[in-house]
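Now for the letters of each chain:
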Amino acid sequence: MKFKAALLATVIIVTLSACRPAMMKPLGNPERPYPPPRQPVVGDILHLSTGMFVSAQSMLEQASRFRVIFVGETHDNPASHRLQETLLKALDENNRGRVTLAMEMFTPAQQPVLDRWTAGALSEKEFLKQVDWYGSWRMNFAYYRKLLVYCRDHNIPVLALNAENELKRKVARMPFDQLPAQDRQQLPDIDRNDPYHQATVAAFYAGHDMGRAMQEGFARVQLLWDETMAQNLADYLRPEDPQRQVLVVAGGNHIRYGFGIPRRLFRRIPVSYVLIGSEELDVPEDKRDRLMDVDKPDYPMPPYHFLTYTAYEDLAEPGVKLGIMLERDEAGLRIKAVTPDSIAARNDLRENDVLTRMDEQKLVEPFDLIYELQQTKAGASVVLTLQRHRQTLTKTITFPETTH
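Each residue is numbered by its place in its chain's sequence as written, counting from 1. For a predicted model such as this one, the threshold for reporting local features is a pLDDT of at least 70, and the threshold for listing and counting side-chain atom pairs is 80 or more; totals across whole chains, interfaces and linings nevertheless cover every residue. Excluded from the side-chain calculations are hydrogens and water; all other atoms, namely the structure's heavy atoms, are used.

*Asks:* Explanation requested: the pattern of salt bridges in the structure shown.
*Replies:* Should the charged atoms of two oppositely charged side chains come close, the side chains can pair. For this document, the term salt bridge refers to a Lys or Arg side-chain nitrogen within 4 Å of an Asp or Glu carboxyl oxygen. On inspection of all chains with the given rule, the structure shows 28 salt bridges. Its salt-bridge partner being Lys125, residue Glu372 comes within 3.3 Å of it at the nearest N-O pair. Pair noted here: Glu372 is in helix α14 (residues 366–375) and Lys125 is in helix α5 (residues 124–130), with a separation of 247 residues, a long-range link. Put simply, Lys287 and Asp314 hold a salt bridge, and the shortest N to O gap is 2.2 Å. Of this pair, Lys287 sits in the loop between β7 (273–282) and β8 (306–311) while Asp314 sits in the loop between β8 and β9 (324–329), placing them 27 residues apart in sequence. The buried label goes to any residue with under 20% of its type's maximum accessible area, the exposed label to any with over 50%, and the partly exposed label to all in between, with areas taken from a 1.4 Å probe on protein chains only. A relative accessible area of 1% means that Lys287 is categorised as buried. Runs of H or I in DSSP of at least four residues are treated as helices and runs of E of at least two as strands, each being numbered from the N terminus.

The following block contains the structure:
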C-alpha cells in the first residue's frame, strides 16, 4: 500500500509538472490587465492597472504623492504639453518651493542659461539664443513656451538632463569601450543587458535595411540618453530633501513601460515614481505619417500608471515659414535654396539673395530670422530687405491665413 501511495504521488507530481507551462500562461493582457468598461474617448484618463477611468483631479492627487513624476510626451502634440503644464501647476500649488522641472530637451552645458532664465534675467529671445534652442532641440518653441514661462514666473528650477551632443555623436559611431579615454570618463554607469530595451531597438529596426552597425549605434545612443538622464536625476535627488519633487518631461519612448529612465533611476536611488503618458486617438490624415509603424514586442507590464487620451493637434500659433535654406554671409543671410511653390518662391526670392533685414530687425545669423518668423502670425505682412547683384531691394511678404 505504501509503495502504491508513493507511486500515485509521483504520478500526480509528474502530471502537475507536465501541466505547468499551460498554467503559467498569463491571464488576459499584461499591458491592460483589466480592460476598461468601454472604449476610451478623447479626454479620458485611464488607470491602467485597474482598468478604471479616473478624473483629472484624482490623477493629480495621486501624482502629488510621488517624488518623481515622469510624463512621456509626443514632442509635436500641444495636448502632451498641456498635460505637463497641468501637472506642473498642480504640483507647485501643492508643494510650493519644492518642485523642479527636469527636461530631456537640455544638457548640463546649458544649465547656466536655464538658471538665468528662471531667475528672470533673460528675455525669451535672449534665452533661446543663448541656449541655442533651434540648433540643439529644433522643435518650435511654442510647444514649450507656457511650461518654461511658468517656471520663470514662479521661480521653479529647470534641470537639464540629457547627454551632450558631441558625446552622442561619438557613441553613435563607435562602441563604448573603443571611445577615447576622456570620452569614456564622461559615460554614466550603463546597463547594456535590459531585454526590453534590446527587444525595442530590434522592433524599431525590423524591416529597415540599415545595417547592423547603424542599429548598434542607435541602441548605444538610446542607452546613453536614458542612463545619462537617470544619472543626472539621481545626482540632483541625492541631497536629502524628502519634500523635493521632480516633474520629468521626455519623449514617451524614454518613459513608457518604465525600462528607460525610471528603472535606471531606481537602480541608482530608490525613489517613488509614477508614470503618466498619452495616446492619440484622433489623428488627422496629414499627421498619420508621423506615427511610427513598429510591430512592438508584447511587454509584461502596463506602459504607464495613468494614460490620457488625446487628439493629435496643431499648434494654435506656429509662426510662419518662408521656404528657404540659409547660410551666414558677411552682409547678412544668403539664400542657399528656395523650396518650389513656397511663399519665398511665390514672392520671387532667389538663390544667392542676401537677406539683411526683416522689418527693423537686422539679420546677422539664421536665429534672427527664425525667431522673428515664429513670432509672426498667419495673415500678417513683413518687409524683407535684401541684396541682389549689388542692388538693394525690399519685398513685402504677406503670409496667407492657411499657413501652418
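Read on for the rest.
*Asks:* I'm lost on helix α8 (residues 165–173) in this one. Help?
*Replies:* Helical geometry: 3.6 residues make up each α-helical turn, so side chains three or four residues apart lie on a common side. Those residues of α8 that fall on the buried side of the exposure criterion are Leu167, Lys168, Lys170 and Val171. Projection of α8 onto a plane perpendicular to its axis shows the buried side chains occupying an angular sector of 165 degrees, all on one side. Should any heavy atoms of two residues lie within 4.5 Å, those residues are considered in contact. Close packing links the buried residues of α8 with α9 (181–184) and α11 (212–237). To obtain the arc, one takes the directions from the helix axis to the C-beta atoms.

*Asks:* Even after reading the chapter, I still don't get helix α3 (residues 78–94), so can you show me in this structure?
*Replies:* With 17 residues, α3 extends 24 Å between its outermost C-alpha atoms, agreeing within 8% with the 24 Å of an ideal straight helix rising 1.5 Å per residue. Where α3 is concerned, the buried positions are Pro78, Ala79, Ser80, His81, Leu83, Gln84, Glu85, Leu87, Leu88, Leu91 and Asp92. Under the convention used throughout, the expected extent of a helix is 1.5 Å for every residue step, that is, one less than its residue count.

*Asks:* Explain the sheet that holds strand β3 (residues 68–73) to me, please; I cannot follow it from the model alone.
*Replies:* What holds strands together in a sheet is hydrogen bonding between their backbones, with the strands either parallel or antiparallel. Think of it this way: DSSP has to see at least two bridges between two strands before they count as a pair. Reading across from one edge, β2-β1-β8-β7-β3-β6-β4-β5 is the order of the eight strands in this open sheet, with mixed pairing throughout. At either end of the open sheet lies a strand with only one pairing partner, and these are β2 (52–53) and β5 (158–160). In the sheet, β3 pairs with strand β6 (residues 245–251) via six bridges, with the strands oriented parallel. What sits directly across from Phe70, in β6, is Val248.

*Asks:* Would you mind showing me how to read the confidence of the model for the protein here?
*Replies:* Regions with low pLDDT carry predicted coordinates that are not meant to be interpreted in detail. Along the chain, pLDDT gives the predictor's confidence residue by residue, from 0 to 100. Looking at the protein as a whole, its pLDDT mean stands at 91, while 92% of the residues score no less than 70. Across residues 1–18 the pLDDT falls below 50, and counting only partners more than four positions away or on other chains, this stretch makes zero contacts in the model.

*Asks:* Explain the packing of aromatic side chains here, please?
*Replies:* Aromatic rings in a pair are described by how distant their centres are and how their planes are angled relative to each other. Only the six-membered ring of Trp is used, alongside the rings of Phe and Tyr, when aromatic pairs are assigned; centres must lie within 6.5 Å, and planes under 30 degrees apart are stacked while those over 60 apart are edge-to-face, with the rest tilted. Per the stated rule, a full pass over the model turns up 15 aromatic pairs. Relative to Tyr371, the ring of Phe367 has its centre 5.8 Å away and its plane inclined at 25 degrees; by these criteria the two rings are stacked. Of this pair, Phe367 and Tyr371 both sit in helix α14, four residues apart, which is roughly one turn of the helix. Exposure class is identical for Phe367 and Tyr371. Each is buried. Feature note: the residues Phe106, Trp117, Phe127, Trp133, Phe141 and Tyr144 constitute an aromatic cluster, connected by ring pairs. One cation-aromatic arrangement involves Arg38 over Phe53; the distance from NZ or CZ to the ring centre is 4.1 Å. Distance and angle both matter: a charge sits over a ring if NZ of Lys or CZ of Arg is within 6 Å of the ring centre and within 35 degrees of the ring normal.

*Asks:* Would you mind going over the pairing of β9 with me for this structure?
*Replies:* Working note: regular strand, side chains alternate between the two faces of the sheet. When β9 meets strand β10 (residues 332–338), the two strands line up antiparallel, connected through six bridges. Note on β10: the bridge partner recorded for Arg328 is Leu333. What sits between the antiparallel neighbours β9 and β10 is a turn of two residues.

*Asks:* How do you make sense of the packing of α8 against α11 when you look at a structure like this?
*Replies:* The packing of two helices is summarised by the inter-axis angle and the distance between the axes. It is the contact of α8 with α11, at a shortest axis distance of 7 Å, that shows an interaxial angle of 145 degrees. As α8 runs across α11, the sense of the crossing is right-handed. Here Leu167, Lys168, Val171, Ala172 and Arg173 of α8 lie close against α11, whose contacting residues are Gly217, Arg220, Val221, Leu224 and Trp225. For the contact of α8 with α11, the residue count by class is six nonpolar, one polar and three charged. All axes here are fitted lines through C-alpha atoms, helices being fitted over the stretch that makes contact, and every angle between N-to-C directions spans 0 to 180 degrees. In this scheme the handedness of a crossing depends on how the near helix is turned from the far one: anticlockwise by less than a right angle means left-handed, clockwise means right-handed. Side-chain classes follow a simple rule in which Ala, Val, Leu, Ile, Met, Phe, Trp, Tyr, Cys and Pro form the nonpolar group, Asp, Glu, Lys and Arg form the charged group, and the remainder, Gly included, forms the polar group.

*Asks:* I keep staring at unusual backbone geometry and nothing clicks. Help me out?
*Replies:* The residue His389 is not glycine, and still its phi comes out positive at about 50 degrees. Relative to the elements of secondary structure, His389 occurs in the loop between β13 (381–388) and β14 (391–398).

*Asks:* Would you take a moment to explain the environment of Arg263 for this structure?
*Replies:* Inspection of the secondary structure puts Arg263 in helix α12 (residues 261–268). Taking the C-alpha atoms as reference points, Arg263 and Asp226, separated by 37 residues in sequence, lie 9.7 Å from one another. Those residues within four positions of Arg263 in sequence are excluded, and the remaining contacts are Asp191, Asp194, Gly258 and Tyr273.

*Asks:* In this structure, what is going on with the packing of helix α10 (residues 195–205) against α11? I would like to understand it.
*Replies:* Direction vectors running N to C along α10 and α11 enclose 135 degrees, while the axes themselves pass 10 Å from each other. With respect to each other, α10 and α11 are oriented oblique. Handedness of the crossing formed by α10 with α11: right-handed. Mapping the contact onto sequence places His197, Val201, Ala202 and Tyr205 in α10 and Met214, Gln215, Phe218, Ala219, Gln222 and Leu223 in α11. The residue inventory of the contact of α10 with α11, partitioned by class, reads seven nonpolar, three polar and no charged. An angle counts as roughly parallel when it lies under 35 degrees, as roughly antiparallel when it exceeds 145, as roughly perpendicular when it falls between 65 and 115, and as oblique in every other case.

*Asks:* Any chance you could explain the nonpolar core here in plain terms?
*Replies:* Soluble globular proteins tend to bury their nonpolar side chains together. Only buried Ala, Val, Leu, Ile, Met, Phe, Trp, Tyr and Cys residues count toward a nonpolar core, and they belong to the same one when joined by side-chain atoms within 4.5 Å. With 45 residues, the main nonpolar core has Met103, Phe106, Phe127, Trp133, Leu148, Leu247 and Ile276 as its most contacted residues. Looking at this core element by element, the count peaks at five residues for helix α7 (residues 145–153). Leaving out residues up to four positions away in the same chain, Trp133 has contacts with Met105, Phe106, Leu128, Arg138, Met139, Asn140, Phe141 and Tyr144. Of all hydrophobic cores here, the second largest spans 35 residues; its members include Leu167, Leu187, Val246 and Ile269.

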